[in-house]
Amino acid sequence: MSEARQPGLFDDQPDLSPWEIEAANDQLIAEVVFNRPLDTVYRYIVPDEFRELIQPGQRVRVPFGRGNSSTLGFCVRTHVGGTPGKRLKSLAEICDREPLLSQSMLDLTEWIAGRYLSGWGQVLESVIPAGVKRQAGTREIVFYRAADSLPDIDTLKLPSKQHAVLNLLLQSDDPMRVDELTAAAGCGVSPIDSLKKKNFIIPERRRVSTHSIGGEIATRQEDLKLNSEQSAALQEILKVLRESRHETLLLHGVTGSGKTEVYIQAIREVISYGRQAIVLVPEISLTPQTIRRFRARFDSVAVLHSHLSDSDRHWHWQQIASGDVQVVVGARSAVFAPVPHLGLIVIDEEHETTFKQQSVPRYHAREVARERARRDNIPLILGTATPTLETLKRTMDGEDRRIVLKERVEQRPLPPVSIVDIRNDPFIQRRHSLGRAMTNAIQVALKAGGQGILFLNLRGYSPVLWCGKCKGVTCPDCDVSLTWHKDRSRLVCHSCDFEMESPERCPTCHQPGLRLIGTGTQRLEAEVINKFPAARIARMDSDSMRKPGSHDEVLERFREHEIDLLLGTQMIAKGLDFPNVTLVGVIDADTLLYQPDLRAGERTFHLISQVAGRTGRGDKQGRVLVQTLNPDEPIIQFAAHHDFDGFAKYELKQRKVMQAPPFQSMARVILRALDERIVQAESQRICQLLRERIQAGNRPIRVLGPAPAPILRLRKYFRYHFQLTSPEQQQIEEVWREFVPTMKLAAEVDMVIDMDPVDLR
Ligand code: ADP
Ligand code: ZN
């Protein structure tokens, strides 16, 4: 977390003699950036031997800093001409044979660095997959095999690495890729090169059929016949496409209104132009079902998810760059997919917070997509049943356009949602999680052969181990109470990795008689098993879904109706489309609502709407029960009535009063240190200086804070934060760039800035 620390930039250079200046004038200069925060662009002389080889987008090795230590950087531009008065160092090595990304992607990364206040080199480091960096230069996929009729390997007296490589190939039935070889032999590429020169191994260029990116080949499906709302939406999109211009279109369609079908048919048009499309979905929605939907319609679909190995990622990257892939479907970082002729970007579930990256560079995929689409003159489609207020406001201001799908396909009704007041529920009073109405509803649904989804956004068995005398058992490193996980018999901190055995007595005041308070998914599961012994039950949360593929497997079983009741966290709330689900239960609508977060209300609304949308998607009617202790809470009422517009009006009014997003841009600055006094004093000093600078520059920026962060202590560090808000995002950007080099942050303190934060803890 030391992004904001400023390096000592240029070393002062002695004046040059006239002849040196003369010679400098036709020199080729490479502009280089490093993986460092808020850094400048550095210039290096390109020696003649590299003159024909250097290209922007390649990595280079250069001497850097006073010690001239050899440092890896990215060449971002080249130009001819010297820099009078500066004696430049020379570039030492070019690391890639080909640029790792195109000029337009380079430009986009520069924009991201500016917009999200990070170093350009940091953005490049994060955008280019590790596998691509490691194996850059291998454009075609080359496979190696051992040469025929080699003498016995031990008689060749090879150096050990070469021996290892050749041995692998001799033992392998199939030719191997370079990356497989280097990984298996634990070596770099040079032993492979040497063996090739000696003709001991033979390269084979292979063209692998596009189906190898396609994975399993899905059964082909015809496009569906769109209903009138869908067709109208499609026509709007096609119009923008045909006019080759950029516009962001918010496809605001209730759950089950057939948004995906609209994307698919828009993509069909894009492909007919010989162009490609990128579809971003939340990682959690990258289920076989989603993937199948695209594979059933297009010949060549690449899926980018976080479980890809480095070499698979590299392989996909190359296939995409070659133009062989028609549609790229992936999570957040797929917005950087190097498609050569992008025709359309779609972001499904636009409201999902996972589109924001939580580490440097803290970009939001929606904003990057918008910028990429703007530069390429193509449409961006944002699809959701519950737009973020940021997106909604842009449509209200006429910057983006909203297209509404009011109806579910085939006139299916939205499910009726009942708010269940559990304040006097006899079961809840006996500390059950399922109240009387919920219990009955589950019984009825099961009896009729339907399936149910029960949503509780808390994993573990019980979130609090309560001591009657003091506050209970908290994490030694964080200000967070420890959650009891019954399956592992451990107390776990959900903010860091800390775990411990459950103590007999309170560790603080040494009193016996600790009590478990509150319900997580594990406790809910125990209750459901107990109450419905005949039902087949599965729990889905990040604890039960640790094994890769288990998420997909449970969903498949649920689809096949091998499971009657699926209970779990957010994981089950998103984008699932199961026709036989007739009951959705929200076990606790309140915990989300009372988080100390600007968007707590908005998130509660999203979640209830999304979970509710999982039912009534087939021929059978569905219903939704929402248990709450606050039945009159407007947010819950709006969600129950499927009243997005009412919710938006209500929430926007409050945001306006608070001068909060979406009316103002916001940046959050977090400082942390092991010593609370130091971080507190430093936060105050920084805020004071910043306020002075803002005042001096007469800028319309408010500074709110500093204050202890809602989680004051996290992983041993004390955290303070403050916020900058302004009607103009640019103002924050400018003042921060001016300010950071002058502030001289104390060495014990780390600082980060998060532009448009979505996480305010
Ligand atoms: P959304 O993304 O808006 O929630 P989906 O695209 O998942 O909705 O569509 C919901 C279901 O309706 C899917 O099973 C889909 O195949 C089906 N569907 C979509 N459009 C049509 C249509 N025009 N006619 C019949 N079924 C449709
Ligand atoms: Zn912790």
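What you see is a predicted model, and the numbers here were worked out from it, not measured in a lab. (Residues numbered from 1 in each chain as written. Chains lettered and ligands numbered in written order. Predicted model: local features only at pLDDT ≥ 70, side-chain atom pairs only at ≥ 80, totals over all residues. Heavy atoms only, no water.)

Examining the overall build of the chain
Now for step 1: For the chain, the helix and strand inventory stands at 24 helices and 30 strands.
Now for step 2: Here the C-alpha atoms of the chain give a radius of gyration of 29 Å, agreeing with the 27 Å that 2.2 N^0.38 yields for 761 residues.
Now for step 3: For the C-alpha atoms alone, the extent of the chain along its principal axes is close to 90 × 70 × 60 Å.
Now for step 4: In the chain, which comprises 761 residues, the share counted as buried stands at 55%. (Helix = DSSP H or I, 4+ residues; strand = E, 2+ residues; numbered from the N terminus. Rg over C-alpha atoms; globule rule 2.2 N^0.38 Å. Buried < 20%, exposed > 50% of the residue type's maximum accessible area, 1.4 Å probe, protein only.)

As for the packing of aromatic side chains
Now for step 1: Summed over all chains, the structure comprises ten aromatic pairs.
Now for step 2: Note on F336 and Y363: the rings are 5.2 Å apart at their centroids and 75° apart in plane angle, and the pair reads as edge-to-face. Residue F336 is found in the loop between β12 (327–330) and β13 (342–348), and its partner Y363 is found in the loop between β13 and α13 (365–376); the two are separated by 27 residues along the sequence.
Now for step 3: Classification of F336 as buried rests on a relative accessible area of 1%.
Now for step 4: For Y363, a relative accessible area of 1% corresponds to the buried category.
Now for step 5: An aromatic cluster is defined as three or more aromatic residues linked by ring pairs; in this entry it consists of F34, Y42 and F64.
Now for step 6: Over the ring of Y116 we find R115; its NZ or CZ atom is 4.9 Å from the centre of that ring.
Now for step 7: In this structure, R672 is placed above the aromatic ring of Y717, and the distance from its NZ or CZ to the ring centre is 3.7 Å. (Phe/Tyr/Trp six-rings, centres within 6.5 Å; stacked < 30°, edge-to-face > 60°. Lys NZ or Arg CZ within 6 Å of the ring centre and 35° of its normal.)

Quick word on the side chain of S683
Now for step 1: Relative to the elements of secondary structure, S683 occurs in helix α23 (residues 676–696).
Now for step 2: Those residues within four positions of S683 in sequence are excluded, and the remaining contacts are L671, P706 and Y720. (Contact = heavy atoms within 4.5 Å.)

Some remarks on the site of ligand 1
Now for step 1: The environment of ligand 1 is formed by 18 residues, the closest being K225, Q230, G256, K259 and D577.
Now for step 2: The contact in question runs from a nitrogen atom of ligand 1 to an N or O atom on the side chain of Q230, over 2.7 Å.
Now for step 3: Compared with its free state, where it exposes 560 Å², ligand 1 has 80% of that area covered by protein.
Now for step 4: Using a 2 Å cut-off from the grid points, one finds that ligand 1 occupies the second largest pocket.
Now for step 5: Among the elements that take part in the shell around ligand 1, helix α10 (residues 259–272) stands out by supplying three residues, more than any other.
Now for step 6: Looking at the shell around ligand 1, its residues break down into four nonpolar, seven polar and seven charged. (Near = heavy atom within 4 Å. Polar contact = N/O pair within 3.5 Å; in protein donor to acceptor, adjacent residues only side chain to side chain. Areas by Shrake-Rupley, 256 points an atom, 1.4 Å probe, with all protein chains shown as cover. 1 Å grid on protein atoms, 1.4 Å probe; cavity = no way out; pocket = protein on both sides within 12 Å on 5 of 7 lines; lining within 4 Å. Sits in = over half its atoms within 2 Å of the grid points. Nonpolar A, V, L, I, M, F, W, Y, C, P; charged D, E, K, R; others polar.)

Some thoughts on the coordination of the zinc ion (ligand 2)
Now for step 1: For the zinc ion (ligand 2), the full set of protein donor atoms is C475 (SG), C478 (SG), C493 (SG) and C496 (SG), at a range of 2.3 Å.
Now for step 2: Viewed at the metal, the four donor atoms of the zinc ion (ligand 2) are separated by angles of 107 to 114°, and the geometry they form is tetrahedral.
Now for step 3: On the primary sequence, the residues serving as donors to the zinc ion (ligand 2) are separated as C-x2-C-x14-C-x2-C. Within this pair, whereas C475 is found in the loop between β18 (464–466) and β19 (483–485), its partner C496 is found in the loop between β20 (490–492) and β21 (499–500), the two being separated by 21 residues in sequence. (Donors = N, O, S within 2.8 Å, 3.2 Å for Na, K, Ca; no water. Tetrahedral: all angles 85-135°; square planar, octahedral: opposite > 155°, others 65-115°.)

Thoughts on the nonpolar core
Now for step 1: Membership of the largest hydrophobic core comes to 73 residues, with the highest contact counts inside it found for V328, L671, F722, L724 and W736.
Now for step 2: Sequence-distant contacts of V328, defined by excluding residues within four places in its chain, comprise A277, I278, V279, A302, L304, I320, A334, A337 and V339.
Now for step 3: Counting 40 residues, the second-largest nonpolar core is a separate cluster that includes I563, A612, I636 and A648. (Core = buried A, V, L, I, M, F, W, Y, C linked by side-chain atoms within 4.5 Å.)

Here we look at the pairing of strand β26 (residues 623–628)
Now for step 1: For β26, the tally of buried residues reaches five of six residues, placing the bulk of the element in the interior.
Now for step 2: One ladder, built from four bridges, connects strand β25 (residues 581–586) with β26; its direction is parallel. Looking at β26, one finds that G585 is bridged to L625. (Pairing = 2+ DSSP bridges.)

Observations concerning helix α6 (residues 178–185)
Now for step 1: Turning to α6, its buried residues are V178, D179, L181, T182 and A185. Projected down its long axis, α6 carries its buried residues within an arc of 160°, all on one side. Exposed and oriented more than 90 degrees from the buried face of α6 are A183 and A184.
Now for step 2: On the buried face of α6, the contacting elements are α4 (130–134), β6 (142–146), α5 (160–171), β7 (176–177), α7 (190–197) and α12 (310–321). (Arc of directions from axis to C-beta.)

Regarding unusual backbone geometry
Now for step 1: Between P661 and the following residue, P662, the backbone shows a cis peptide bond with an omega angle of 10°.
Now for step 2: Its place among the elements puts P662 in the loop between α22 (644–657) and β27 (665–673).
Now for step 3: The peptide bond linking G705 to P706 adopts the cis configuration, its omega dihedral lying at 10°.
Now for step 4: Structurally, the position occupied by P706 is in strand β28 (residues 702–714).
Now for step 5: For S244, which is not a glycine, the phi torsion comes out positive at approximately 45°.
Now for step 6: Position of S244 relative to the elements: it lies in the loop between α9 (228–242) and β9 (248–253).
Now for step 7: Even without being glycine, Q411 reaches a positive phi, approximately 50°.
Now for step 8: Relative to the helices and strands, Q411 is located in the loop between β15 (401–405) and β16 (417–421).

Looking at the layout of surface pockets
Now for step 1: By volume, the second largest pocket is sized at about 1300 Å³.
Now for step 2: Taken together, 49 residues line the second largest pocket, and the ones lying closest to its centre are L224, G258, R293, D577 and R617.
Now for step 3: Listed by contribution, the elements that provide at least two residues to the lining of the second largest pocket are α9, α10 and α11 (288–295).
Now for step 4: Per element, the largest residue contribution to the lining of the second largest pocket is five residues, and it comes from α11.
Now for step 5: A class-by-class count of the residues in the lining of the second largest pocket yields eleven nonpolar, 18 polar and 20 charged. (Points joined across faces, edges and corners; volume = space filled by probe spheres on them.)

Structural notes on the pairing of β9
Now for step 1: Most of β9 is tucked away: six of the six residues are buried.
Now for step 2: Residues of β9 alternate between two faces, with T248, L250 and H252 on one and L249, L251 and G253 on the opposite face, all of them buried.
Now for step 3: As defined by bridge partners, β9 adjoins strand β14 (residues 380–384) across five bridges and the pair is classed as parallel. Considered in β14, the bridge of L249 is made with I381.
Now for step 4: Of the strand pairs in this sheet, β9 and β15 are connected by five bridges, and their pairing is parallel. Looking at the pairing, L249 lines up with R401 of β15.

Describing the side chain of R59
Now for step 1: Relative to the helices and strands, R59 resides in strand β3 (residues 59–64).
Now for step 2: Residue R59 is classed as buried on the basis of its relative accessible area, which comes to 11%.
Now for step 3: A distance of 2.6 Å separates polar atoms of two side chains, one belonging to R59 and the other to D96.

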